[in-house]
Every structure is written in structure tokens, then in C-alpha cells.
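One-letter residues, chain by chain:
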Amino acid sequence: MGIIVQKFGGSSVADAERIKRVAKRVVETKKLGHKVVAVVSAMGDNTDHLISLARQVSDAPSEREMDMLLATGEQVSIALLAMAIQSMGEAVISLTGPQAGIKTNNTHSKAKILDISSERLHQELDQGKIVIVAGFQGATINDEITTLGRGGSDTTAAAIAAALKADVCEIFTDVDGVYATDPRVVPNIKKLDTVSFDEMLELASLGAKVLQPRAVEFAKLYNVKLHVRSSFNYNQGTIVQEVNHMEKEIVVSGVAHDFNAVKMAVFGVPDKPGMACKIFKTLAEHAINVDMIVQSAKVNGVNDIAFTIEKQDMEKAKTLLEKISREINARGISCTDNIAKVSIVGAGMITNPGVAADMFEALAEANINLEMISTSEIKVSVIIEANDCIKAVKKLVEKFNLQDSDVATVAG
Ligand code: ADP
Ligand code: ASP
Ligand code: MG
């Protein structure tokens, strides 16, 4: 039989009892004849706890030391899971990300996996051991410890599954699969039996934190089948795989929301070549991801450029933009963080005109003002006031018939 990668998120390993339950599940899979690699996250909200500890000792901890600190969370859970499996009489070994051969670039706190040297993993599996790998971490070619961004254990799992050509990568979490929207926001919501890589990539990038977007990118690139399911029961979850979009009947598959966006604007930018390049190149050089970009119509030889970034980059972006604004003789900058992004996603949109209009109609009915709009072939996103976000999600779920008569299964 083949290799199975199983990833267990923080809530699945939140305490000793849950770790023992995960151990049982991993051993069961091994006993079915599979080679098993289990990737684990830090216990419960340990990563948040470590971040808060860092803030108590420093206002501006360096990204290198933050990575050093945060990587410890996953090391606690791999050791405990390995001990629990040992006590069941199974051969097992725990490995840190670097020990598992995960090489990343130098971007501390959101490093990208460049390569996985899988010799050690193969060697341990060939000796009949279950291998437990710490999610969320790797090392640079200079052996500096890095982390992969919040939710990064998903990416560790998908990348290992790709490197080992695993049959499937199972993402065990605290809900039964991928739903049409966050089941904690709308409990009576449809579960998706399957979802395409492209749709999942959009949903994840637009705020559905059930999977980290990079994990979906890896899975798509190396054609790894992902199975998102609950670690609290044996129900079939959601399969994320290549789906023929031409056969899509459902126009909108899901609604995502994200409170993690900040709107930045540069006012009175001179209307000449090179201005946008200067702004966005500088942000890119500082590893700041930019999402929606809007340039206003020219008035009196200047225009305004507005865009969204992630909240954690706000202070860094403000400092950079203030400097650029002075250099290019712009009028000034602004920064608004009480906003939310709400998006509809569906591969069927390509062939069905009018979906965006339906979305705007639903939001207008709810008296919600749209501050920014962006579209792609399979998604429409809007920026609205944070206070209106949940109302907007509920309204869109209703508009596109995404409700279900059953209440979604959500573990505490
Ligand atoms: P883990 O610790 O297992 O990685 P996460 O908290 O990162 O778990 O992701 C699971 C959570 O994602 C769920 O508890 C749910 O609230 C949230 N979520 C957001 N959008 C969706 C969605 N469309 N489908 C399922 N879960 C979603
Ligand atoms: N422990 C990390 C986090 O909380 C990584 C993960 O859980 O995937 O973001
Ligand atoms: Mg997660």
C-alpha cells in the first residue's frame, strides 16, 4: 500500500486526551498497511500564547527570534504524539521540519518551502516507523529556523505529500470538511463533497482559514489529493482535487470573509510613468503582499491609488509609504483597518454572466456600502465596513442558496 500524510491541527492535539486519540488514529492507518507521516501543529492556541509572551518582553521582537520561539510550539506536540504512539507499542520517530529536510527561503515569519530532501523521511518509513513531523517550520540553507506563516502546518503536510508522492494528504481539523462558508458564522450551511483546487485556492486566499493557501498551491502543482475532515469522527470530509470546470453546474460554491485586511491609500500621486511601480516594488521588496488595487480617474494631473494589505504588515507599510509619498511628491497617505473583505467564489461564474450584479443587489438590499470591488474569472470580492461583514455573509449565503437543513458539525 502507499504513503498517507495525515495533518492534525491545533484543536486536534489541544490536550493529552486528544493527543492519545490522534495517536490511535495514526496507528489505525498504519495497521491498514499504509506508510504514515503525521504532521502536527502546536497544541491548541499555544502559538498565540507564545506570540503574547514575546510581546510582553519586547515591543518589536525580531522576526528571527520570533521564528525561533514559535517553532517550539510544534516541537512539543511532535514529541508528545510520538510518546503516545510508543506507548501503544508502535515504532515511531518525531522529526523537526529541518530534520525532515524542509528547506525554505530566508523570509522569516512567512518563509516559502523551496525544497524537501526526502531521504530521511524515506529511510525512517522504510524501517517500518510512523514518522511525526513538526508542521509550520523549516530551515534556510544556513540552518536558520523559519516558520511558514499562520496555518503553515497545512503547507508542510501538502509539501511532504507532494515530495513523497503520497496517495492522499488528509487534513484533520475541528469541522467535518470545507463548507460553503465558515460554519461558525452560518451553522446551517452546505458541506462541499468536492471542491476544485482553483476554487479552494480562492476560498483559502480570501479568508476561509480551513486551509492555508500555499497548501492548496502545492497540492494543485503536484496534483496531491487533499481530504479535509474531522479528527473528532470518521465522517467523509471534502475532497479537494482537479475538477472539470466545464461541468460545473453550481455558479457560486462558497462565500469567504476576512477581517485581516487593511486599506492603504496614497493620495495625489502625479500621473506619470513609474509611480505605481515605485510603490508596489518597494512593498514587494519588504515581503508585503498587496491584494486589491484601485487607481482613481485622473483629476488635475494626479490620481489616488488605494490597495489592501494584511494587518500584520500595517506598521511596516505605513512607514514605507510615508517615505515614498514624500519622494514622489504625493499629497499623503491614509490607513483604514476597520474593514472586511467579503467574497463569492465559484468556477461556474466564468460561463454565467450577472453573478456580480446579483451579489451587489443582495448587498444593496442589506444597505451595505461597497468601498472597493475586485473580480477574477471565478471570484468577486468587495471591501466593506467591518461591522457589516457578518450581515453580508449571511445575505450572500441566502442569495446563492447555500443553506442546508442540517447544522454543521463543529468541535469545540
Ligand atoms: P486547524 O487548527 O485544524 O488547522 P483552523 O482553525 O486553522 O484549524 O481551521 C479550521 C476552522 O476554519 C474551522 O473551525 C472554521 O471555523 C474555519 N473555516 C473558515 N471557513 C471555513 C469553511 N469554508 N469551511 C470550513 N471551515 C471554515
Ligand atoms: N501553529 C501554527 C499556527 O497556529 C501553524 C498551524 O497551526 O498550522 O498558525
Ligand atoms: Mg489551520
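Residues numbered from 1 in each chain as written. Chains lettered and ligands numbered in written order. Predicted model: local features only at pLDDT ≥ 70, side-chain atom pairs only at ≥ 80, totals over all residues. Heavy atoms only, no water.

Let's talk about the overall build of the chain
Right, on to step 1. Counting its secondary structure elements, the chain contains 11 helices and 20 strands.
Right, on to step 2. The globule rule puts the C-alpha radius of gyration for 412 residues at 22 Å, and the 22 Å found for the chain is close to it.
Right, on to step 3. Counting contacts in the chain only where the partners sit at least 6 residues apart, residues at least 24 apart contribute 75% of the total.
Right, on to step 4. In the form shown here, the chain has an accessible surface area of approximately 18500 Å², with 50% of it arising from carbon and sulfur atoms.
Right, on to step 5. Of the charged side chains in the chain, 44 are positive and 52 negative; the average position of the first set lies 2 Å away from that of the second. (Helix = DSSP H or I, 4+ residues; strand = E, 2+ residues; numbered from the N terminus. Rg over C-alpha atoms; globule rule 2.2 N^0.38 Å. Contact = heavy atoms within 4.5 Å. Areas by Shrake-Rupley, 256 points an atom, 1.4 Å probe, with all protein chains shown as cover. Lys, Arg positive; Asp, Glu negative; His and termini not counted. Charge placed at Lys NZ, Arg CZ, Asp CG, Glu CD.)

Thoughts on the site of ligand 1
Right, on to step 1. Taken together, 18 residues surround ligand 1, and among them Thr-173, Asp-174, Tyr-179, Asp-182 and Arg-184 come closest.
Right, on to step 2. Side-chain polar atom of Lys-7 to an oxygen atom of ligand 1: 3.0 Å apart, as the coordinates give it.
Right, on to step 3. Contact between ligand 1 and Asp-182: an oxygen atom at 2.8 Å from a side-chain N or O atom of the residue.
Right, on to step 4. In isolation ligand 1 exposes 580 Å². Once the protein is present, 89% of that is buried.
Right, on to step 5. Looking at the shell around ligand 1 residue by residue, the class counts come to 7 nonpolar, 6 polar and 5 charged. (Near = heavy atom within 4 Å. Polar contact = N/O pair within 3.5 Å; in protein donor to acceptor, adjacent residues only side chain to side chain. Nonpolar A, V, L, I, M, F, W, Y, C, P; charged D, E, K, R; others polar.)

Looking at the sheet that holds strand β16 (residues 302-310)
Right, on to step 1. Judged by pairing direction, the sheet is antiparallel, and its 4 strands sit side by side in the order β15-β16-β14-β17 without closing on themselves. Of all the strands in the sheet, just β15 (290-295) and β17 (332-336) have a single pairing partner and so form its edges. The mean inter-strand angle of the sheet, taken between neighbouring strand axes irrespective of direction, is 15°.
Right, on to step 2. Across the face of the sheet, helix α8 (residues 275-285) comes into contact with β14 (261-270), β15 and β16 while running at roughly 20° to β16.
Right, on to step 3. Lying over the sheet, helix α9 (residues 314-327) contacts β14, β16 and β17, oriented at roughly 165° with respect to β17. (Pairing = 2+ DSSP bridges. Axes fitted to C-alpha atoms, helices over the stretch in contact; angles between N-to-C directions.)

Some remarks on the sheet that holds strand β10 (residues 194-196)
The strands that make up a sheet pair up through hydrogen bonds in the backbone, lying either parallel or antiparallel.
Right, on to step 1. Reading across from one edge, β3-β6-β2-β1-β9-β11-β12-β10 is the order of the 8 strands in this open sheet, with mixed pairing throughout. Among the strands making up the open sheet, the edge pair consists of β3 (92-95) and β10. The mean inter-strand angle of the sheet, taken between neighbouring strand axes irrespective of direction, is 20°.
Right, on to step 2. Where strand β2 (residues 35-40) meets strand β6 (residues 130-134), 4 bridges bridge the pair, whose relative direction is parallel.

A closer look at the site of ligand 2
Right, on to step 1. Lining the immediate surroundings of ligand 2 are Ser-41, Ala-42, Thr-47, Glu-74, Phe-136, Arg-150, Gly-151, Gly-152 and Ser-153.
Right, on to step 2. At 3.1 Å, a side-chain N or O of Ser-41 approaches an oxygen atom of ligand 2.
Right, on to step 3. In the model, a nitrogen atom of ligand 2 is placed 2.8 Å from a nitrogen or oxygen of the Thr-47 side chain.
Right, on to step 4. Against a free-state accessible area of 270 Å², the protein chains account for coverage of 87% of ligand 2.
Right, on to step 5. Across the shell around ligand 2, the residue classes tally to 2 nonpolar, 5 polar and 2 charged.

Examining helix α3 (residues 63-86)
Right, on to step 1. Relative to the 34 Å expected for 24 residues at 1.5 Å per residue, α3 spans 35 Å between its end C-alpha atoms, a close match to the ideal helical length.
Right, on to step 2. Among all positions of α3, only Met-66, Asp-67, Leu-70, Ala-71, Gly-73, Glu-74, Ser-77, Ile-78, Leu-81, Ala-82, Ala-84 and Ile-85 are buried. (Expected span 1.5 Å × (residues − 1). Buried < 20%, exposed > 50% of the residue type's maximum accessible area, 1.4 Å probe, protein only.)

Here we look at helix α6 (residues 197-205)
Helical geometry note: an α-helix holds 3.6 residues per turn, so side chains three or four residues apart project in the same direction.
Right, on to step 1. In terms of burial, α6 is a largely internal element, 7 of the 9 residues being buried.
Right, on to step 2. Buried within α6 we find Phe-197, Glu-199, Met-200, Leu-201, Glu-202, Leu-203 and Ala-204.
Right, on to step 3. Trailing α6 by a residue or two, Gly-207 shows a phi angle of about 125°, which is positive.

Notes on the state of the cysteines
Right, on to step 1. Evaluation of the coordinates by the stated rule reveals 0 disulfides.
Right, on to step 2. For the unlinked cysteine Cys-335, the closest cysteine sulfur is that of Cys-389, found at 18 Å. (Disulfide = S-S within 2.5 Å.)

Considerations on the packing of aromatic side chains
Right, on to step 1. The final tally for this structure, using the stated rule, is 3 aromatic pairs.
Right, on to step 2. Relative to Phe-172, the ring of Phe-8 has its centre 4.7 Å away and its plane inclined at 10°; by these criteria the two rings are stacked. Of this pair, Phe-8 sits in strand β1 (residues 3-8) while Phe-172 sits in strand β9 (residues 168-173); the two residues are 164 residues apart in sequence, bridging distant segments of the chain. You'll find Phe-8 and Phe-172 in the same group, each marked buried.
Right, on to step 3. Arranged with centres 5.0 Å apart and planes meeting at 75°, the rings of Phe-280 and Phe-307 form a pair that is edge-to-face. Here Phe-280 is found in helix α8, whereas its partner Phe-307 is found in strand β16, with 27 residues between them in sequence. Each member of the pair Phe-280 and Phe-307 is classed as buried.
Right, on to step 4. Between Arg-25 and the ring centre of Tyr-234, over which it is positioned, the NZ or CZ distance is 4.0 Å. (Phe/Tyr/Trp six-rings, centres within 6.5 Å; stacked < 30°, edge-to-face > 60°. Lys NZ or Arg CZ within 6 Å of the ring centre and 35° of its normal.)

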